[in-house]
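Structural description and commentary
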Amino acid sequence: QVQLVESGGGSVQAGGFLRLSCGTSGRTFSIYRVTWFRQAPGKEREFVATISWSGGSTYYADSVKGRFTISRDNSKNTVTLQMNGLKPEDTAVYYCAARSELGSDYVRPTTYNYWGQGTQVTVSS
């Protein structure tokens, strides 16, 4: 079992930055792909960024490419999402999720086994 905990959300003005962290106490965290999703009020949960188990491969949604950076430190069981140049449309609850590297379609939330509780990000104009 993997229990994920997000931290680092908050309120910022447009153009600002935030750093989200996803942590776990699970020993096997390093073998999982970890992905950030977000969900705004009245909208479906959407893919933001993903990182492979080793950290060697990353992929971003077009809407955040060039502004957000995902990274991981398996020695600390932590995945980080650095968010720069925030825009009001980035406002959402951000969730980290983990799953096995096996299989495809890692941008779909339904393929993930483990989820954090979410952290709110609010960007004002």
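Relevant structure appears above.
Residues numbered from 1 in each chain as written. Predicted model: local features only at pLDDT ≥ 70, side-chain atom pairs only at ≥ 80, totals over all residues. Heavy atoms only, no water.

Comments concerning the state of the cysteines
Under the defined criterion, the tally for this structure stands at one disulfide. Paired by a disulfide, Cys 22 and Cys 96 hold their sulfur atoms 2.1 Å apart. Taking the sign of the torsion about the S-S bond as the criterion, the disulfide between Cys 22 and Cys 96, at about 65°, is right-handed. Separated by 74 residues along the polypeptide, Cys 22 in strand β3 (residues 18–24) and Cys 96 in strand β9 (residues 92–99) bring together distant segments of the chain. Cys 22 sits in the buried class, given a relative accessible area of 0%. (Disulfide = S-S within 2.5 Å. Helix = DSSP H or I, 4+ residues; strand = E, 2+ residues; numbered from the N terminus. Buried < 20%, exposed > 50% of the residue type's maximum accessible area, 1.4 Å probe, protein only.)

Some words on unusual backbone geometry
Residue Asn 77 is not a glycine yet carries a positive backbone phi of 55°. Within the secondary structure layout, Asn 77 lies in the loop between β7 (68–73) and β8 (78–83). Unlike most non-glycine residues, Asp 105 shows phi in positive territory, near 60°. Structurally, Asp 105 can be placed in the loop between β9 and β10 (114–115).

Looking at the nonpolar core
Within the largest apolar cluster, 34 residues are counted, with the highest numbers of intra-cluster contacts made by Trp 36, Leu 81, Met 83 and Tyr 94. For this core, the element with the highest residue contribution is β9, accounting for five residues. Those residues in contact with Met 83 that sit more than four places away from it in its chain are Gly 16, Phe 17, Leu 18, Leu 20, Arg 67, Phe 68, Tyr 94 and Val 121. (Core = buried A, V, L, I, M, F, W, Y, C linked by side-chain atoms within 4.5 Å. Contact = heavy atoms within 4.5 Å.)

Focus: the environment of Lys 76
With respect to the helices and strands, Lys 76 occurs in the loop between β7 and β8. On the accessibility criterion, Lys 76 (61% relative accessible area) is exposed.

A word on the pattern of salt bridges
The full count for this structure, using the stated rule, is six salt bridges. Among the ionic pairs, Glu 101 bridges to Arg 33, the shortest N-O distance being 3.2 Å. Remark: Arg 33 occurs in strand β4 (residues 33–39) and Glu 101 occurs in the loop between β9 and β10; sequence separation between them is 68 residues. In this structure, Asp 90 engages Arg 67 in a salt bridge whose closest nitrogen and oxygen atoms are separated by 2.7 Å. Within this pair, whereas Asp 90 is found in the loop between β8 and β9, its partner Arg 67 is found in the loop between β6 (58–60) and β7, the two being separated by 23 residues in sequence. Judged on exposure class, the residue Asp 90 and its partner Arg 67 are both buried. It is possible to trace a salt-bridge network through shared partners that takes in Arg 38, Glu 46, Arg 67 and Asp 90. (Salt bridge = Lys/Arg side-chain N within 4 Å of Asp/Glu carboxyl O.)

Any functional reading would require information beyond the geometric quantities listed.
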